[in-house]
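# A structural walkthrough
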Amino acid sequence: MKFFMVIIICFGVDCQAIYEKTPYDTHAACYEVALQTTQFMQQMYPGTSGEIHCLDEEQYNLYNEFLRNGGDPSMAPQGTDA
């Protein structure tokens, strides 16, 4: 199974989703990079809030569909843990 990292970063009430197109082979590999990315983002953008998730391919596709349909990146779509 492949996993994709999705970063949600919020500047005040304006949130954006950033996601990698290159998948990770395991959830653990994605999670390890997500922890490093979290630290980097906190240093680079101290006044922001956000979340980082590692989604499997099905969740990733659902989340992209959610965003294409006008979903707010600060809210998780049904069926994912984002």
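The rules behind these values
Residues numbered from 1 in each chain as written. Predicted model: local features only at pLDDT ≥ 70, side-chain atom pairs only at ≥ 80, totals over all residues. Heavy atoms only, no water. Helix = DSSP H or I, 4+ residues; strand = E, 2+ residues; numbered from the N terminus. Buried < 20%, exposed > 50% of the residue type's maximum accessible area, 1.4 Å probe, protein only. Contact = heavy atoms within 4.5 Å. Areas by Shrake-Rupley, 256 points an atom, 1.4 Å probe, with all protein chains shown as cover. Pairing = 2+ DSSP bridges. Expected span 1.5 Å × (residues − 1). Arc of directions from axis to C-beta. Patch = residues over 30% accessible without salt bridge, like charges linked within 9 Å, V, L, I, M, F, W, Y side chains within 5 Å. Salt bridge = Lys/Arg side-chain N within 4 Å of Asp/Glu carboxyl O. Axes fitted to C-alpha atoms, helices over the stretch in contact; angles between N-to-C directions.

What follows covers the overall build of the chain. When you go through the chain residue by residue, the secondary structure sums to two helices and three strands. Helices and strands in the chain line up, N terminus first, as β-β-α-β-α. Seen through its C-alpha atoms, the chain measures out along the principal axes to roughly 35 × 30 × 20 Å. In the chain, which comprises 82 residues, the proportion classed as buried is 33%. Residue pairs in contact within the chain that sit at least 24 positions apart in sequence constitute 57% of those at least 6 positions apart. Summing over all exposed atoms, the chain offers an accessible surface of approximately 5400 Å²; the carbon and sulfur share of this is 52%.

With that settled, the discussion passes to the pairing of strand β1 (residues 3–11). The buried fraction of β1 is high, at eight of nine residues. In this structure, β1 lies alongside strand β2 (residues 14–19), joined through six bridges in antiparallel fashion. The residue bridging Ile 9 from the neighbouring strand is Gln 16, located in β2. Taking the residues between adjacent antiparallel strands as the criterion, β1 and β2 are bridged by two residues, where Gly 12 takes a positive phi near 70°.

Given a rise of 1.5 Å per residue, 18 residues ought to cover 26 Å, and the 25 Å separating the end C-alpha atoms of helix α1 (residues 27–44) matches this to within 8%. Listed as buried for α1 are Cys 30, Ala 34, Thr 37 and Met 41. When α1 is viewed along its axis, its buried side chains cluster within an angular range of 70° and face the same direction. Exposed side chains of α1 directed beyond 90 degrees from the buried face belong to Ala 28, Glu 32, Gln 39, Gln 42 and Gln 43. Those residues of α1 hidden inside the fold are in contact with β1 and β3 (49–56).

This next bit is on a nonpolar patch on the surface. On the surface, a nonpolar cluster with roughly 400 Å² of combined accessible area is contributed by Phe 11, Phe 40, Met 44 and Tyr 45. Within the fold, Phe 40 resides in helix α1. The class of Phe 40 is partly exposed, set by a relative accessible area of 46%.

In this section: the sheet that holds β2. Neighbouring strands of a sheet are bound in pairs by backbone hydrogen bonds; such pairs are parallel or else antiparallel. Strand order in the open sheet formed by three strands is β2-β1-β3, and the pairing between neighbours is antiparallel. Every interior strand has two partners, whereas the edge strands, β2 and β3, have only one. Geometrically, the sheet is characterised by an average inter-axis angle of 20° between neighbouring strands, direction not taken into account. Lying over the sheet, helix α2 (residues 57–68) contacts β1, β2 and β3, oriented at roughly 130° with respect to β3.

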